[in-house]
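Spelled out, the chains give:
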Amino acid sequence: MVSAGSLAPWTVISQGSAMDYHQADILDSFEWSMRHDGDLSSKLASGKVKELTSALLLALKELDSIDSSKRACAMLLKILTFERSMPDEVVACLGEPGFEPLVRHFEKSSNVQVSCSIANAMGMMLCSPKVAELNSVLVEAQSKKFLSWLSSVVESKGTQPTELVAALVALGNYLRRNGNREAFVKDKSSILPIARLLEKDYYAQVQVEYHTVFVFWLLSFAGSKEQNAAVEEAMNAAEVPRRMTNVLREVTAEKVVRVTLAVLRNLAKDQFGDVLRREMIGAGLVGALEQLCLRRWNDQDIRDDLSELVELLQTELQVMSTFDVYRGEVLSGALSWTPAHKDETFWRENNEKLERNNLEVLRCLARSLHESQDPVVLSVACHDLGMFIKHHERGRQ
């Protein structure tokens, strides 16, 4: 780590830019106090935040070196987290360009660490009600660039775990505001890249799993009937209940289990309808919960969520037919040797139902054969297609 004393003063590195000596001196003074654990209250007193923020935004706009960008980001984040009111004060300083001094770094910076810090700050700022006072068209365009950059980080195979965590933290900051959650779920494709982080390739990366699940926890708080419907559709399309059921089976970290249960409990409530509950049942969540109930949990939240979730799913099971349960299992892709698969009576009575809804069950079985690498899933799918042919009226033709 470079010591504070060896850093070039802002009064030096800003020469030749649009930043004047007074603004550079403000940055030097604040950075010195920040690095030497000085009293920042006087630096952030009423009237001084605007001067300091304006100087930082100018530094981020004018100076392109990685070092100066890192230092400016560190100061900006320090201001934003100093008090709860700070994001409002900082946003009030943005003016006509909006978030442009920050957004430009998503397009020009080759340093992911700098861009992650920028995204973290921007996520906090976009939650401020003061954003409503800015040019709405401009902010919407800048927000899309922010989300697009986060998506690119999440989807890139070369992204390091620390970078993934930083991107997820920034997204979590953004999603703390209900209006932002509503905008995010409107684009159904935005959920899937996040959901893919719940696959087994990431199970060993506890921090990645925790912050991924935390993003879904934030999304599970919807503010309107339309938003509930959008969340339900997006979660179902991305197979979030199935993926989270697998997380509960494989990840033992208590903080991941706690937040995962909280998400599933929220999604299982009546406000989201029965689609997600049935996908949970189809994915084998009831069995996974039974195993979790055998463990001794010190966390009361975990015990409460387990109890409530079991009750919600048992209630749903009571109104589901045997075929409903089977269909949910097939559509979830989490096939296992549950009783229906080898029940001849089940196949005689329900054979024609597999052709309903444009052959959705048969298509899912076929997709499992093509896409799954799990030997149990493959054997069950092959068996079920054979049983369908065996009991179909034209199966031997």
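No experiment lies behind these values; they were computed from the predicted model shown. (Residues numbered from 1 in each chain as written. Predicted model: local features only at pLDDT ≥ 70, side-chain atom pairs only at ≥ 80, totals over all residues. Heavy atoms only, no water.)

Explain the overall build of the chain here, please?
Check the secondary structure of the chain and you find 22 helices and 0 strands. With the C-alpha coordinates of the chain rotated into their principal frame, the extents come out at 85 × 45 × 40 Å. Per-residue burial for the chain yields a buried fraction of 48% across its 397 residues. Distance between charge centroids for the chain: 2 Å, based on 45 positive and 54 negative side chains. (Helix = DSSP H or I, 4+ residues; strand = E, 2+ residues; numbered from the N terminus. Buried < 20%, exposed > 50% of the residue type's maximum accessible area, 1.4 Å probe, protein only. Lys, Arg positive; Asp, Glu negative; His and termini not counted. Charge placed at Lys NZ, Arg CZ, Asp CG, Glu CD.)

Could you clarify how one ought to interpret the side chain of Thr 212 in this entry?
In this fold, Thr 212 is placed in helix α12 (residues 206–219). Its relative accessible area of 0% is what places Thr 212 among the buried residues. Residues contacting Thr 212, with those up to four places away along its chain left out, are Leu 168, Ile 194, Leu 197 and Leu 198. (Contact = heavy atoms within 4.5 Å.)

Whenever I open this one, the nonpolar core confuses me. Can you help?
Note that soluble globular proteins tend to have their nonpolar side chains buried in a common cluster. In terms of nonpolar packing, the biggest core is built from 109 residues, with Phe 99 and Phe 216 touching the most fellow members. Discounting residues that sit within four places of it in the chain, Phe 216 has contacts with Ile 191, Ile 194, Ala 195, Leu 198, Met 235, Val 240, Met 244 and Val 263. (Core = buried A, V, L, I, M, F, W, Y, C linked by side-chain atoms within 4.5 Å.)

Teacher, can you tell me more about the packing of aromatic side chains here?
Two aromatic rings are characterised by how far apart their centres lie and by the angle between their planes. Applying the stated criterion across every chain yields a total of 11 aromatic pairs. On the basis of an interplanar angle of 20° and a centroid distance of 5.2 Å, the ring pair of Phe 106 and Trp 149 is categorised as stacked. With Phe 106 in helix α6 (residues 100–108) and Trp 149 in helix α8 (residues 136–155), this pair connects stretches of sequence that are 43 residues apart. On the basis of relative accessible area, Trp 149 is assigned to the buried category, the value being 11%. On the numbers, 5.6 Å between centres and 75° between planes, the contact of Tyr 326 with Trp 347 is edge-to-face. Taken together, the residues span a long stretch of sequence, with Tyr 326 in helix α19 (residues 322–332) and Trp 347 in helix α20 (residues 344–350) at a distance of 21 residues. (Phe/Tyr/Trp six-rings, centres within 6.5 Å; stacked < 30°, edge-to-face > 60°.)

What's the story with the environment of Cys 364 in this structure? I'm lost.
By secondary structure assignment, the location of Cys 364 is in helix α21 (residues 356–371). For the pair Cys 364 and Gly 333, spaced 31 residues apart in the sequence, the C-alpha separation amounts to 7.4 Å.

Explanation requested: unusual backbone geometry in the structure shown.
Outside of glycine, negative phi angles account for most residues, and trans bonds account for most peptide bonds. Phi is positive for Asn 357, which is not a glycine, with a value near 50°. Looking at the element boundaries, Asn 357 is found in helix α21. On the basis of relative accessible area, Asn 357 is assigned to the exposed category, the value being 54%. One non-glycine residue, Leu 359, lies in positive phi territory at about 60°. As for its position among the elements, Leu 359 is in helix α21.

Is there a simple way to explain the pattern of salt bridges in this structure?
Once their charged atoms are close, side chains differing in charge can pair, the charge on each being opposite to the other. For the structure on display, the rule yields 20 salt bridges. For Asp 274, the salt bridge is made with Arg 278, and the minimal N-O distance between the two is 3.8 Å. Owing to a relative accessible area of 33%, Asp 274 belongs among the partly exposed residues under this scheme. Given the relative accessible area of 22%, Arg 278 is considered partly exposed. For Lys 390, the salt bridge identified is with Glu 344, shortest N-O distance 3.2 Å. Of the two residues, Lys 390 is situated in helix α22 (residues 375–391) and Glu 344 in helix α20; the sequence distance between them amounts to 46 residues. Assessed through its relative accessible area of 44%, Lys 390 is described here as partly exposed. Among the residues examined, Glu 344 registers a relative accessible area of 31% and is labelled partly exposed. Each of the salt bridges in this network shares a partner with another, and the network as a whole consists of Asp 270, Asp 274, Arg 277, Arg 278, Glu 316 and Asp 324. (Salt bridge = Lys/Arg side-chain N within 4 Å of Asp/Glu carboxyl O.)

Please explain helix α2 (residues 21–35) as it appears in this structure.
Think of an α-helix as 3.6 residues a turn; residues three or four steps apart then line up on the same face. For α2, spanning 15 residues, the distance from its first C-alpha to its last is 21 Å, which sits close to the expected 21 Å at 1.5 Å a residue. Looking at α2, one finds that the buried residues are Gln 23, Ala 24, Ile 26, Leu 27, Asp 28, Phe 30, Glu 31, Ser 33 and Met 34. Structurally, α2 contributes buried residues whose contacts are with α1 (10–13), α3 (48–62) and α4 (66–80). Where α2 begins, the capping side chain belongs to Asp 20, and its oxygen is found 3.2 Å from the backbone nitrogen of His 22. After α2 finishes, the residue Asp 37 shows a positive phi value of roughly 55°. (Expected span 1.5 Å × (residues − 1). Polar contact = N/O pair within 3.5 Å; in protein donor to acceptor, adjacent residues only side chain to side chain.)

Purely spatial values, then, with no claim about function.
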